[in-house]
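Spelled out from the first residue to the last, the chains are:
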Amino acid sequence: MLIKNRPGWAIPESQATPESVFVNRRSFMAGGAGLIAGSALPQLAAAQGADPTLDLYPARKNTAYTLDRPVTDENLAANYNNYYEFGTSKDIVASSRRLVSRPWTITVDGMVEKPFEIGFDDLVRKLPLEERLYRFRCVEAWAMAVPWTGIPLKAFVDFAKPLSSAKYIRFETFLNPRIAPGQSQRWYPWPYTEGLTMAEAGNELPLLVTGIYGKPIPSQHGAPIRLITPWKYGFKSVKSITKISFVAERPKTFWEGLQASEYGFWANVNPKVPHPRWSQASEQVLGTRERQPTQLFNGYAEQVAGLYKGLEGEQLYL
Ligand SMILES: Nc1nc2c(c(=O)[nH]1)N[C@H]1C(S)=C(S)[C@@H](COP(=O)(O)O)O[C@H]1N2
Ligand SMILES: [Mo]
């Protein structure tokens, strides 16, 4: 990663770029709204080139999820991103503007009663949206705290009607190298893929996120819909989802495909289990100069620790 004029909140190269360090090494080798009926608003917005879901924001706040730190400044979060489809630096905002998030179709297939396709604008009005404050922790040891708006994944799973034989849920990002320059780099296992167990998917925490800071989610954060799993390292939180499959076998994830010894399937946050190349004991909070202690399950042990009973033999924290 190349930072010119590194801002104060940026993290020293040595601490902040493990994912890109690995990859670069690899690449070297190889208004008048009151007059209009409510249902016409989205179409009108779309015709004017505005986001057709604007009327859904801000969504109802679910105050059950509280923070132990201030909300990260919106501009910091919006300009320090990991989105390898658009480049390996943190500075991918301009490149990510090439993402075309409308029309957007999501394919739901695999072990479901009936596979289907659904337009994003249809889906987002079928299921309840809510806003939650969550901590967020990247495996690179930087952290933030963000108001996400989304559909609880649990509600989506009920809607999709998986068969009881489904064991995992698998998410896929779009695949289009003409839009995403990173996808022309053939040594990556595109498309970006992630997965959860069905038990994890049924937990209260995971959100299918459609908005951030009370507005529709911008391209660099994974428009129009991405996953957020706040107790896991950030790479689990797959962006710009076009396919959701219910499957019997554990999916092979993007980062596992690149470097399985460093980025595993479970990826639960744990201060006591270091990454093979750096400590996870503390984290750099965006917008501050201090490091904070990392918390087990990123502070969400109460909600998720029970999911891992009986799985102690697995590499739960990598
Ligand atoms: N499709 C896709 N999803 C992705 C990534 C990516 O490169 N491509 N990066 C992941 C990583 S490593 C992190 S830390 C978060 C970053 O989310 P943010 O940029 O919205 O903060 O997105 C995750 N989801
Ligand atoms: Mo990350």
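Definitions and limits used
Residues numbered from 1 in each chain as written. Chains lettered and ligands numbered in written order. Predicted model: local features only at pLDDT ≥ 70, side-chain atom pairs only at ≥ 80, totals over all residues. Heavy atoms only, no water. Helix = DSSP H or I, 4+ residues; strand = E, 2+ residues; numbered from the N terminus. Buried < 20%, exposed > 50% of the residue type's maximum accessible area, 1.4 Å probe, protein only. Polar contact = N/O pair within 3.5 Å; in protein donor to acceptor, adjacent residues only side chain to side chain. Contact = heavy atoms within 4.5 Å. UniProt positions renumbered as here; feature names shortened; annotations may be inferred. 1 Å grid on protein atoms, 1.4 Å probe; cavity = no way out; pocket = protein on both sides within 12 Å on 5 of 7 lines; lining within 4 Å. Core = buried A, V, L, I, M, F, W, Y, C linked by side-chain atoms within 4.5 Å. Pairing = 2+ DSSP bridges. Axes fitted to C-alpha atoms, helices over the stretch in contact; angles between N-to-C directions. Arc of directions from axis to C-beta. Near = heavy atom within 4 Å. Areas by Shrake-Rupley, 256 points an atom, 1.4 Å probe, with all protein chains shown as cover. Phe/Tyr/Trp six-rings, centres within 6.5 Å; stacked < 30°, edge-to-face > 60°. Lys NZ or Arg CZ within 6 Å of the ring centre and 35° of its normal. Salt bridge = Lys/Arg side-chain N within 4 Å of Asp/Glu carboxyl O. Points joined across faces, edges and corners; volume = space filled by probe spheres on them. Nonpolar A, V, L, I, M, F, W, Y, C, P; charged D, E, K, R; others polar.

## Here's the deal with the side chain of Lys236
Consideration 1: Secondary-structure assignment places Lys236 in the loop between β10 (226-228) and β11 (241-247).
Consideration 2: Overall, Lys236 belongs to the buried group, its relative accessible area being 1%.
Consideration 3: Among the polar contacts made by the side chain of Lys236, one reaches the main-chain carbonyl oxygen of Phe265 at a distance of 2.5 Å.
Consideration 4: When neighbours within four sequence positions are excluded, Lys236 is seen to be in contact with Glu194, Gly195, Leu196, Leu227, Thr229, Thr253, Phe265, Trp266 and Ala267.

## Overview of the UniProt feature "binding site: Mo-molybdopterin" (unreviewed entry) in the protein
Consideration 1: With numbering matched to this structure, UniProt assigns "binding site: Mo-molybdopterin" (unreviewed entry) to Asn81, Tyr84, Glu85, Cys138, Thr173, Arg226, Ser237, Val238 and Lys239. When only the residues just named are considered, the largest cavity is lined by Asn81, Tyr84, Glu85, Cys138, Thr173, Arg226, Ser237, Val238 and Lys239.
Consideration 2: The topology assignment puts Arg226 in strand β10.
Consideration 3: Sequence-distant contacts of Arg226, that is, excluding residues within four places in its chain, are made with Trp148, Leu207, Leu208, Val209, Ile217, His221, Ser237, Val238, Lys239, Ser240 and Ile241.
Consideration 4: Along the chain, the position of Lys239 falls in the loop between β10 and β11.
Consideration 5: For Lys239, a relative accessible area of 9% corresponds to the buried category.
Consideration 6: Not counting residues within four places of it along the chain, the set of residues in contact with Lys239 comprises Asn81, Asn82, Tyr83, Thr173, Gln220, His221, Gly222, Ile225 and Arg226.
Consideration 7: There is a polar contact of 2.7 Å between the side chain of Lys239 and the backbone oxygen of Asn82.

## A look at the nonpolar core
Consideration 1: Residues Trp148, Leu153, Phe156, Ile169, Phe171 and Phe246 are the most contacted members of the largest nonpolar core, which totals 80 residues.
Consideration 2: For this core, the element with the highest residue contribution is strand β5 (residues 142-152), accounting for 5 residues.

## A few points about the sheet that holds β11
Two strands in a sheet stick together by hydrogen bonds in their backbones, pointing the same way (parallel) or opposite ways (antiparallel).
Consideration 1: Strand order in the open sheet made by the 5 strands is β3-β2-β11-β6-β7, with mixed pairing throughout. Each edge of the open sheet carries a strand with a single partner, namely β3 (116-119) and β7 (193-197). Between one strand axis and the next, the sheet turns through 20° on average, direction left out of account.
Consideration 2: Docked against the sheet, helix α7 (residues 153-160) engages β2 (105-110), β3, β6 (168-173), β7 and β11, running at close to 65° with respect to β11.

## Considerations on α7
Consideration 1: All buried positions along α7 are accounted for by Leu153, Phe156, Val157 and Ala160. The buried residues of α7 all sit within an arc of 100° when viewed along its axis, so they share a single face.
Consideration 2: Count one or two residues on from α7 and you reach Lys161, which has phi positive near 55°.

## Here we look at the site of ligand 1
Consideration 1: Around ligand 1 sit 19 residues, and of these Tyr84, Glu85, His221, Ser237 and Lys239 come closest.
Consideration 2: In the environment of ligand 1, a nitrogen atom lies 2.9 Å from a nitrogen or oxygen atom belonging to the side chain of Thr173.
Consideration 3: The separation between an oxygen atom of ligand 1 and a polar side-chain atom of His221 is 2.7 Å.
Consideration 4: Starting from 530 Å² of accessible surface for ligand 1 in isolation, the protein chains cover 100%.

## Notes on the pairing of β3
Consideration 1: Sheet topology note: the β2/β3 ladder contains 4 bridges and is antiparallel. Looking across to β3, one finds that Thr105 is bridged to Gly119.
Consideration 2: As consecutive antiparallel partners, β2 and β3 are separated by 5 residues.

## A short note on the packing of aromatic side chains
Consideration 1: Taken as a whole and judged by the stated rule, the model has 25 aromatic pairs.
Consideration 2: Judged by centre distance (5.6 Å) and plane angle (85°), the rings of Phe235 and Tyr263 are edge-to-face. Placement of the pair is Phe235 in the loop between β10 and β11 and Tyr263 in the loop between α9 (254-259) and β12 (282-285), with a sequence separation of 28 residues.
Consideration 3: With a relative accessible area of 4%, Phe235 lands in the buried category.
Consideration 4: The rings of Tyr84, Trp187, Tyr188, Trp190, Tyr192, Phe235, Phe254, Trp255 and Tyr263 are connected pair by pair, giving a single aromatic cluster.
Consideration 5: In this structure, Arg135 is placed above the aromatic ring of Tyr300, and the distance from its NZ or CZ to the ring centre is 4.6 Å.
Consideration 6: Above the face of the Phe265 ring, Lys236 is positioned so that its terminal group lies 4.2 Å from the ring centre.

## A few points about the pattern of salt bridges
Consideration 1: Summed over the entire model, instances satisfying the criterion amount to 19 salt bridges.
Consideration 2: Put simply, Glu74 and Lys215 hold a salt bridge, and the shortest N to O gap is 2.7 Å. Pair noted here: Glu74 is in helix α4 (residues 74-78) and Lys215 is in strand β9 (residues 215-216), with a separation of 141 residues, a long-range link.
Consideration 3: Overall, Lys215 belongs to the partly exposed group, its relative accessible area being 39%.
Consideration 4: Linking Arg250 and Glu314 is a salt bridge whose minimum nitrogen-to-oxygen distance equals 3.0 Å.

## Details of empty space enclosed by the protein
Consideration 1: Estimates place the volume of the largest cavity at around 290 Å³.
Consideration 2: Around the largest cavity, the lining is made up of 23 residues, and of these Asn82, Phe136, Arg226, Gly234 and Lys239 lie nearest the centre.
Consideration 3: The leading source of residues in the lining of the largest cavity is β5, at 3 residues.
Consideration 4: Across the lining of the largest cavity, the residue classes break down as 13 nonpolar, 6 polar and 4 charged.
Consideration 5: Approximately 40 Å³ is the volume attributed to the second largest cavity.

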